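Each chain is listed here by its residues.
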Amino acid sequence: MNNLYGRHCLTLQDFSAEEMNQILGMAAGLKDKQSKGVTHQLLAGKTLAMIFQKPSTRTRVSFEVGMWQLGGMALFLSSQELQMGRGEPIKDTAAVLSRYVDGIMIRTFDHEEVEELALHASVPVINGLTDLLHPCQVLADLMTIKERFGRLKGIKLAYLGDGNNVAHSLMLGCTKMGLDVAVGAPPGYLPNARIEEKARGNTLESGSRLLITSDPLQAVENADVIYTDVWASMGQEAEKQARREVFSSYQVNSGILDMAAPGAVIMHCLPAYRGEEISSEVLDGERSIVLEQAENRLHAQKGLMALLIGENL
Ligand code: CP
Ligand code: NVA
């Protein structure tokens, strides 16, 4: 039995650097098999429940297709159609779903809901995005960076924009794996202090560096990767206009790209709002690796699911 079998993935802090490498290695192996048409039905007969309280394109499709390619099946459960949407407690939902399925993926607002689900589920729970974290995105991002640069240690990633769920998971995942991280965010929109503290703890182990600044130019200096995300996340639609003004000097555009290291690449978890957090020119330009990133959601999550749900690996 592998040491990740039966574990949850609520945050990348759930894993050691070695375990993260194990997941990324499994993901790369499965990606190779998929490209060669070699069957890899490691989860034959297994099922994954996917609870969505927010919209999704990539997460939904990559988990569903990934489970199918692994020989299992995934059920899409919109929270409005579940009794959960009418007030059935998360605790009961967790216990009942655990009697039917082999894993539960959930996308929701409050991170504590995912923790509550994991507490009462007897099968692995995977965080498919909360207001606080987006660990599966960053697993795919690390896979993409490793493919591009051939290594993770010593790469500098600069994130510009809102100190949000994606920024938080990048801070945790990158510092754990030895990448230097610089976050450039306006005052009032800096990352969560508790996440920062955890990321600083990771730097002590990995030897990487973490910089949090409100100066976008300082953040991107010598960066190998420039990363951005929407200025208003799901659930913050009412703040869209106000945020546009606050964040205007944090846009990723060709001027910002010029300040980074030569050969720097552009990343974005998508969906993107062209002309807001990123210019079209840069998003669609030759330095953009956003589609590789989006594709790797499939492979990274297959690696993750195989290890968490597949007892015979
Ligand atoms: N990046 C990401 O999680 O995309 P979706 O919201 O489309 O799932
Ligand atoms: N920060 C964004 C990420 C979307 C994948 C959001 O939470 O809406």
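Residues numbered from 1 in each chain as written. Chains lettered and ligands numbered in written order. Predicted model: local features only at pLDDT ≥ 70, side-chain atom pairs only at ≥ 80, totals over all residues. Heavy atoms only, no water.

Moving on, we get to empty space enclosed by the protein. The full count for this structure, using the stated rule, is 1 cavity of 30 Å³ or more. As a volume, the largest cavity reaches approximately 50 Å³. Around the largest cavity, the lining residues are Val230, Trp231, Ala232, Lys240, Arg243, Arg244, Tyr273, Glu276 and Glu277. Looking at the lining of the largest cavity residue by residue, the class counts come to 4 nonpolar, no polar and 5 charged. (1 Å grid on protein atoms, 1.4 Å probe; cavity = no way out; pocket = protein on both sides within 12 Å on 5 of 7 lines; lining within 4 Å. Points joined across faces, edges and corners; volume = space filled by probe spheres on them. Nonpolar A, V, L, I, M, F, W, Y, C, P; charged D, E, K, R; others polar.)

Before going further, it helps to spend a moment on the sheet that holds strand β4 (residues 125–127). The 4 strands lie next to each other as β2-β1-β3-β4, forming an open sheet whose pairing is parallel. The open sheet has two edge strands, β2 (73–78) and β4, and neither has a second partner. Taking each pair of neighbouring strands and ignoring which way they run, the sheet shows an average axis angle of 20 degrees. Where strand β1 (residues 47–52) lies against β2, 6 bridges are found, and the strand directions are parallel. Its bridge partner being in β2, leucine 48 is matched across the sheet by alanine 74. (Pairing = 2+ DSSP bridges. Helix = DSSP H or I, 4+ residues; strand = E, 2+ residues; numbered from the N terminus. Axes fitted to C-alpha atoms, helices over the stretch in contact; angles between N-to-C directions.)

We now examine the side chain of serine 98. Here serine 98 lies in helix α3 (residues 90–100). Assessed through its relative accessible area of 11%, serine 98 is described here as buried. Within the structure, serine 98 has its side chain in polar contact with the backbone nitrogen of serine 122 (distance 3.0 Å). Residue contacts for serine 98: discarding those within four places in its chain leaves Ile104, Ala121, Ser122 and Val123. (Buried < 20%, exposed > 50% of the residue type's maximum accessible area, 1.4 Å probe, protein only. Polar contact = N/O pair within 3.5 Å; in protein donor to acceptor, adjacent residues only side chain to side chain. Contact = heavy atoms within 4.5 Å.)

Everything listed here is a matter of coordinates, which is why it stays silent on function.
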